[in-house]
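Structural overview for review
The residues making up each chain are set out below.
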2 protein chains.
Amino acid sequence: MTESPTGADGVAFNDPSYRAAVIDLLGVIAYGEISAFERLAEDAKLAPTLEDKLDLAMMASAEMANVQRLRERLERLDADPFAAMQPFREAIDGFHEHTAPSDWLEGLVKAYVGDGLARDFYREIAAFLDVETRDLILGAMDRTAHSAFVVERVRQAIEADHRVGGRLALWGRRLMGEALSQAQRVAADRDALSALLAGGVDRPGMDLAALGRMFNRLTERHAARMADLGLAH
Amino acid sequence: MTESPTGADGVAFNDPSYRAAVIDLLGVIAYGEISAFERLAEDAKLAPTLEDKLDLAMMASAEMANVQRLRERLERLDADPFAAMQPFREAIDGFHEHTAPSDWLEGLVKAYVGDGLARDFYREIAAFLDVETRDLILGAMDRTAHSAFVVERVRQAIEADHRVGGRLALWGRRLMGEALSQAQRVAADRDALSALLAGGVDRPGMDLAALGRMFNRLTERHAARMADLGLAH
């Protein structure tokens, strides 16, 4: 009866509020990846060995391959990629300013936890998108999946000094808290993006209960990642 | 009559001094790319706009895709990639310490000139290598060819303020001088690498006259790049 956003591109994008939401989403992901690149490259300086540095630099580079794709997609939607990123700079820069790692291990945990959170969140949102946008975003999330090396390094560090675990567990909680507070800021500012999650006349969405369940899933997966690292949540 | 290094891999690598030279070469290129990544990511901070920052960050990321390939090749030669890079860290770090850009335009010129010089030099050396190593190196040089955007930016800056041209021309000369002085340091230290250029019983090489011609070619191409940028050499 009605067109779903998973139908042909043109149909979904006939709805200006859907188009605005997708532009917002691509903009926030793109700026998130540019700033992740910058921060990972910066944190790589803290690496104790060249091999460690290389692992973080590889993660940083994977972010940039995605930026190019997101930029092209924005241009195909007749949107200025930099204008699309602009509204999210303050929140994302704010996140990084408030979570500057003070040492190599904090940098590793931030890379792992931040990468995982972003991936989970965008995967959740991808469910509400047209096929082409969804594939682009899921592909981008797959390409940045280079953070597995972190697990071994963090576990080794805790084994060598158990006090490290308590400090990093607090750090992980702080990262999650800061991410949520910046996400709320964005949600309050960007009506189209919030409307995308809420759904529309001819688009399925989430009611408050479903939104609550989504946040539960994100929190549970964060806790699972902390456990992977050997950190109590 | 004799085997050329362009023949089957195994044959060229039967010569331990050829193998040592190739390991050196892959090591120096890999470390050069890691440190180019670091410096480009650092210099990207000086970018006046997000779009400029993105261009330099893309260049930085292209370096890392190569590092992965060089690393795998070193491992297939039973060499420890990090041990292979180690002998070149001092010279390459020295180059960057002595050529830290003081502003965005110096960073751009360094990216363009440094990238071009490295590309020319490794292309020259590639002529003396077995097919597989040569293809790897030429492919790596192609993948990092993202510096064309620099030309327009530097020319615009000179148009806006002619004094900029004089300052950047001096800067270009300093980059070339520093690169040559560090290259000499490496050549003096690494016998296998020098021997590769000099050739061997069953391998063609360069005599002093040919070496002189190669340096002339490198200098001419550097001058051509400076001219591209609108800078008198």
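The following paragraphs examine the structure supplied in this document. (Residues numbered from 1 in each chain as written. Chains lettered and ligands numbered in written order. Predicted model: local features only at pLDDT ≥ 70, side-chain atom pairs only at ≥ 80, totals over all residues. Heavy atoms only, no water.)

Considerations on the overall build of chain A
When its secondary structure is counted, chain A shows eleven helices and zero strands. Listing every helix and strand of chain A by position from the N terminus yields α-α-α-α-α-α-α-α-α-α-α. In summary, chain A has a C-alpha radius of gyration of 18 Å against a globular reference of 17 Å for 233 residues, a match within 12%. In terms of overall dimensions, chain A has a C-alpha envelope of 60 × 35 × 25 Å along the principal axes. The contacts of chain A with a sequence gap of at least 6 include a subset with a gap of at least 24, amounting to 81%. Counting every atom, chain A has about 10,400 Å² of accessible surface; 54% of that belongs to carbon and sulfur. (Helix = DSSP H or I, 4+ residues; strand = E, 2+ residues; numbered from the N terminus. Rg over C-alpha atoms; globule rule 2.2 N^0.38 Å. Contact = heavy atoms within 4.5 Å. Areas by Shrake-Rupley, 256 points an atom, 1.4 Å probe, with all protein chains shown as cover.)

Notes on the relation of the copies chain B and chain A
Of the two same-sequence chains, chain B is brought onto chain A (RMSD 0.0 Å, axial shift 0.0 Å) by a rotation of 180°. Taken together, the rotation and translation relating the two chain copies correspond to the operation of a two-fold axis. Taking C-alpha positions as reference, the residue of chain B nearest the rotation axis is S61(B), located at 2.2 Å. Same-surface contact between copies: 100% of interface residues of chain B are shared with the interface of chain A. (Least-squares fit on C-alpha atoms with pLDDT ≥ 70 in both.)

Focus: the packing of helix α6 (residues 104-126) of chain A against helix α11 (residues 208-228) of chain A
Residues and elements named next belong to chain A. At a minimum axis separation of 10 Å, α6 and α11 run at an interaxial angle of 150°. Taken as axis vectors, α6 and α11 run roughly antiparallel relative to one another. You can see that α6 and α11 cross each other, and the crossing is right-handed. Residue-level contacts link Y112, V113, G116, L117, D120, F121 and E124 of α6 to M214, R217, L218, R221, H222, R225, M226 and D228 of α11. (Axes fitted to C-alpha atoms, helices over the stretch in contact; angles between N-to-C directions. Parallel < 35°, antiparallel > 145°, perpendicular 65-115°, else oblique. Left-handed = near helix turned anticlockwise from the far one by under 90°.)

Quick look at the interface of chain B and chain A
Tallying the contact residues gives 22 residues for chain B and 22 residues for chain A. Both faces combined, the contact of chain B with chain A buries some 2,200 Å², and carbon together with sulfur accounts for 70% of it. On the chain B side of the contact with chain A, L50(B), L54(B) and F82(B) bury the most area, a combined 28% of that side's loss. Where chain B touches chain A, the interface holds six salt bridges. Where E38(B) meets K53(A), a salt bridge forms, and the shortest distance between an N and an O atom there is 3.1 Å. In this assembly, chain B and chain A are joined by six residue pairs in polar contact (both at pLDDT 80 or more). Broken down by secondary-structure element, the contributors of at least two residues to the side of chain B that touches chain A are α2 (16-43), α3 (50-76) and α4 (81-85) of chain B. Considering every element that reaches the side of chain B that touches chain A, the biggest residue donor is α3(B), with twelve residues. (Buried area = accessible area lost by both parts, 1.4 Å probe. Salt bridge = Lys/Arg side-chain N within 4 Å of Asp/Glu carboxyl O. Polar contact = N/O pair within 3.5 Å; in protein donor to acceptor, adjacent residues only side chain to side chain.)

Notes on the packing of helix α3 (residues 50-76) of chain A against α3(B)
The contact between α3(A) and α3(B) brings their axes to 8 Å, and the two run at 125°. Relative to α3(B), the element α3(A) lies oblique. Crossing hand, α3(A) versus α3(B): left-handed. Here α3(A) contributes E51(A), L54(A), A57(A), M58(A), S61(A), M64(A), V67(A), Q68(A) and R71(A) to the contact with α3(B), which in turn contributes E51(B), L54(B), A57(B), M58(B), S61(B), M64(B), V67(B), Q68(B) and R71(B). Grouping the constituent residues of the contact of α3(A) with α3(B) by class yields ten nonpolar, four polar and four charged. (Nonpolar A, V, L, I, M, F, W, Y, C, P; charged D, E, K, R; others polar.)

Quick word on the nonpolar core
Counting residues in hydrophobic clusters, the biggest one holds 151 residues, and the most contacted among them are L25(A), L56(A), V109(A), L25(B), L56(B), V109(B) and L229(B). Apart from the residues within four sequence positions on either side, V109(A) is in contact with G114(A), V150(A), V154(A), L168(A), W171(A), L175(A), L229(A) and L231(A). (Core = buried A, V, L, I, M, F, W, Y, C linked by side-chain atoms within 4.5 Å. Buried < 20%, exposed > 50% of the residue type's maximum accessible area, 1.4 Å probe, protein only.)

Quick word on the environment of A118(A)
In this fold, A118(A) is placed in helix α6. As a C-alpha pair, A118(A) and G32(A) span 86 residues in sequence and 8.8 Å in three-dimensional space.

Comments concerning the pattern of salt bridges
Taken as a whole and judged by the stated rule, the model has 42 salt bridges over all chains. As a salt-bridge pair, E51(A) and R71(B) come within 3.3 Å of each other at their nearest N and O atoms. Taken as a pair, E51(A) in helix α3 and R71(B) in helix α3 lie in two separate chains rather than in one. Accessibility expressed as a relative area gives 34% for E51(A), which makes it partly exposed. Look at R71(B) and you get buried, because its relative accessible area is 15%. Between E132(A) and R76(A) there is a salt bridge whose closest N-O contact spans 3.4 Å. Taken together, the positions of E132(A) in helix α7 (residues 131-143) and R76(A) in helix α3 put the pair 56 residues apart, joining distant regions of the chain. One network of salt bridges, with partners in common, ties together D120(A), E124(A), R217(A), R221(A) and R225(A).

Here we look at α2(B)
All names here are of chain B. Counted at 1.5 Å a residue, the expected span for α2 with its 28 residues is 40 Å, and the 40 Å between its end C-alpha atoms agrees. Of all the 28 residues making up α2, 22 are buried; the element is thus mostly covered by neighbouring parts of the structure. For α2, the N-terminal cap is D15; the gap from its side-chain oxygen to the backbone nitrogen of S17 is 2.9 Å. (Expected span 1.5 Å × (residues − 1).)

Section: unusual backbone geometry
Residues and elements named next belong to chain A. Here D78, not a glycine, exhibits a phi torsion of approximately 60°, which is positive. With respect to the helices, strands and loops of the structure, D78 is situated in the loop between α3 and α4 (81-85). Using a relative accessible area of 69% as the deciding quantity, one classes D78 as exposed.

Purely spatial values, then, with no claim about function.
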